[in-house]
Amino acid sequence: MNISEKILARASCRKEVSPGEIVEANVDVAMVNDITGPLAIETFRKIGVKKVWDNTRIVMVLDHQVPADSAKSAELHKMMRRFAKEQNIRYFYDVGLGGVCHQVMVEKGHVRPGELILGADSHTCTYGALGAFGTGIGSTEMAAVFATGKIWLKVPETIKFNVAGEFQKFVGAKDLILSIIGQIGADGANYKAMEFDGPVIRNMNISDRLTICNMAVEAGAKTGIISPDRKVMAYIKKRVDGQIKPLKSDADARYEKIFDLDVSPLEPQVACPSSVDNVKPVSEVEGTPIDQAFIGSCTNGRIEDLRVAAKIVKGKKVKNNVRLIITPASREVYLQALREGLLETLTEAGACICNPTCGACFGGQMGLLADGETCISSSNRNFTGRMGSPKADIYLASPATVAASALKGEITDPRRL
Amino acid sequence: MKVRGKAVIFGDSVNTDVIIPSKYLTTLDPNELAKHVMEGLDPTFYEKARGGVIIVAGKNFGCGSSREHAPIALKHAGVKCIIAKSFARIFYRNAINIGLPVVECVQILEKTDNDDELLVNLAVGEVVNLTKNLRLQASKLPNFILEIISAGGLVEHLKRRLGKNGKL
Ligand code: SF4
């Protein structure tokens, strides 16, 4: 079996499962944020069960609209705090304490290899980077999980991507996953698992692996996953307590399809408006004028991303009439960036640093676009209206490409700076 | 279980950000959400949908954000069923869980025009285009999913299972 099948087999107390089978699985951890949480809570109350199935396995994070950007979101936050208190939810990350939910889940040790984690957020697939089966569900389904601790899941087919070669300078994880989505399309892995392996993946740090698994859902995938190795174990050792039972794909595991990819010729990639699979090499869109550049989100708002950005803009100035918005993905990332002097470097270059939040990525607050404006963003979605006006254009790229573009005021190949 | 209504056609990869933009997510009121449904794609949709319609679409319907506000807004605007070539998986589950029938039918887009009268037989997995007098094969939903839909959604379904002691 491959890793996804093994985790689903374990979660449903079976020896073996195969693709297409529907299993009833026990959920290890369930996560909600301030957009999906209130609806889940409201629905939970309608079901009529008094207590959640396990108050130690639910994680609640305020991230999309923090600090509250309107009286309405403040009400929703209040509702979540009340519920957490009433149900004695052990892990509640309030304003200032957490950050973007997926980053918080990973760095606070809620993601353990071998476990089944459900989040009421589509990018829950991120957790596969640590060898967990993470998948997104809606609020009603989450209410049912709160009540029962169980969910029905169809065992997915898995597409495997073996990645070899060597990245050019300033080309990396984001460019790889954008190019994969460009190749297979926005529904290229619909209902399926995407598994990543090969020397390039093995060489990658955890941050890059998170970027890759995070975007699996943009190809429709149920999860993105990587068999855990020593790097993963070293990363989680500091963060997770209790026993860990990692699972890995067998050497003879079955896959629906296997892609062999070579990253050596890959140039920086850009997803053009208004779908994530509209991917082009940067050379084809170079020179497109921009009004805003955004670095943040659960895709690329980690310390490694801020380091790249700081390196590129150090001692230089963001182009006149361009906003560079930087939103560290979590409190931990923010603190680390503070300690390393990155926030100073970025601010000196003209960046506007925001508190950890989904913010601009979600089109909620802190960096929305006006009619006719163009933004290049390190986030994961460029849908019409995603970042404010439906008449704005969004390009997705790596933090390096975004930072380079901010300096020149137009889409720029970071290798040429 | 049968559903009947006039067809309203959309294309491929209709994402949940356009079904209901993030700026409206601060409300949990389904009727308020419904007023803004599909606003970006078709500002007249809310008017059209009242009284009940069936959405016909291409592949990957409902991709993107997991927001359940999207199927809720559609349902409360008057959408009785969605027939698409394929659905994004979270949207598919969300729709079933709130009792909005979703049916996969490969030929649907080619064989349907706006305002055609459609009759969907969920239990059998068939779409009948009454205007054109055509029968199309569609996905048949497993029984446990039909049970959820006929209960009106997952909440009602669970309520039926709930014991007197408040335990499932
Ligand atoms: S950062 Fe963006 S993609 Fe990630 S959880 Fe927040 S809104 Fe969603």
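Engineer: Looking at this structure, I do not really get the interface of chain B and chain A. What am I missing?
Structural biologist: Between chain B and chain A, the residue contacts involve 36 residues of the former and 45 residues of the latter. In total, about 3500 Å² of surface goes out of reach between chain B and chain A, with carbon and sulfur atoms giving 60% of it. Contact with chain A buries surface across chain B, with Leu 28, Arg 89 and Arg 93 of chain B losing the most and accounting together for 21% of the total. Inspection of the chain B/chain A interface yields three salt bridges. Between Asp 17 of chain B and Arg 386 of chain A there is a salt bridge, with the nearest N and O atoms lying 3.0 Å from each other. Linking chain B to chain A there are 17 residue pairs in polar contact (both at pLDDT 80 or more). Sorting the residues of the side of chain B that touches chain A by element identifies helix H1 (16-19), helix H4 (69-77), helix H5 (89-97), helix H6 (143-151) and helix H7 (154-161) of chain B as the ones contributing at least two each. Here the side of chain B that touches chain A gets six residues from one element, more than from any other, and that element is H5 of chain B. When its residues are assigned to classes, the side of chain B that touches chain A shows 16 nonpolar, twelve polar and eight charged.

Engineer: How should I be thinking about the nonpolar core in this particular structure?
Structural biologist: Burial of nonpolar side chains together is a common tendency in soluble globular proteins. Formed by 107 residues in total, the largest nonpolar core has its most connected members in Phe 45, Phe 61 and Leu 74 of chain B. The greatest single-element share of this core, amounting to six residues, is contributed by helix H5 (residues 139-148) of chain A. Of the residues that make up this core, three or more belong to each of domain 1 (3-260) and domain 2 (270-416) of chain A. Not counting residues up to four positions away in its chain, the partners in contact with Phe 61 of chain B are Val 14, Ile 19, Met 38, Ile 55, Leu 74, Ile 82, Ala 84, Ser 86, Phe 87, Ala 88 and Phe 91 of chain B. Counting 65 residues, the second-largest nonpolar core is a separate cluster that includes Val 171, Met 194, Val 200 and Leu 369 of chain A.

Engineer: I keep staring at the domain arrangement of chain A and nothing clicks. Help me out?
Structural biologist: Interface size is commonly expressed as the accessible area that is lost once the parts come together. Residue and element names in this part refer to chain A. Here the domain parsing of chain A yields domain 1 (3-260) and domain 2 (270-416). For domain 1 versus domain 2, the distance between C-alpha centres works out to 24 Å. Between domain 1 and domain 2, the contact holds 39 residues from the first and 38 residues from the second. For the pair domain 1 and domain 2, the summed buried area comes to about 3000 Å², and 55% of that belongs to carbon and sulfur atoms. For the domain 1 face of the interface with domain 2, the top three residues by lost area are Val 100, Phe 170 and Lys 174, together amounting to 21%. Linking domain 1 with domain 2 are two salt bridges. Across the pair Arg 381 and Glu 218 runs a salt bridge, and its minimum N-O distance is 3.1 Å. Scanning the region where domain 1 abuts domain 2 turns up 26 residue pairs in polar contact (both at pLDDT 80 or more). Top element by residues in the side of domain 1 that touches domain 2 is helix H6 (residues 173-184). It accounts for six residues. Each residue belonging to the side of domain 1 that touches domain 2 can be placed in one class, and the counts come to 13 nonpolar, 17 polar and nine charged.

Engineer: How do you make sense of the packing of aromatic side chains when you look at a structure like this?
Structural biologist: Each pair of aromatic rings is reported with the distance of its centres and the angle of its planes. If you walk through the whole model with that rule in mind, you get twelve aromatic pairs over all chains. Ring geometry for Phe 161 of chain A against Phe 259 of chain A: centres 5.1 Å apart, planes inclined by 5°, an arrangement best described as stacked. Placement of Phe 161 of chain A in strand S8 (residues 158-164) and of Phe 259 of chain A in strand S11 (residues 257-262) is noted, with a sequence separation of 98 residues between them. Through successive ring pairs, a cluster of aromatic residues spans Tyr 191 of chain A together with Phe 61, Phe 87, Phe 91 and Tyr 92 of chain B. Above the ring of Tyr 235 of chain A, the side-chain terminus of Arg 239 of chain A is found at 4.3 Å from the ring centroid. The ring centre of Trp 152 of chain A lies 3.9 Å from the NZ or CZ of Arg 93 of chain B, which sits over that ring.

What counts and what doesn't
- Residues numbered from 1 in each chain as written.
- Chains lettered and ligands numbered in written order.
- Predicted model: local features only at pLDDT ≥ 70, side-chain atom pairs only at ≥ 80, totals over all residues.
- Heavy atoms only, no water.
- Contact = heavy atoms within 4.5 Å.
- Buried area = accessible area lost by both parts, 1.4 Å probe.
- Salt bridge = Lys/Arg side-chain N within 4 Å of Asp/Glu carboxyl O.
- Polar contact = N/O pair within 3.5 Å; in protein donor to acceptor, adjacent residues only side chain to side chain.
- Helix = DSSP H or I, 4+ residues; strand = E, 2+ residues; numbered from the N terminus.
- Nonpolar A, V, L, I, M, F, W, Y, C, P; charged D, E, K, R; others polar.
- Core = buried A, V, L, I, M, F, W, Y, C linked by side-chain atoms within 4.5 Å.
- Buried < 20%, exposed > 50% of the residue type's maximum accessible area, 1.4 Å probe, protein only.
- Domains from an automatic or database assignment.
- Phe/Tyr/Trp six-rings, centres within 6.5 Å; stacked < 30°, edge-to-face > 60°.
- Lys NZ or Arg CZ within 6 Å of the ring centre and 35° of its normal.

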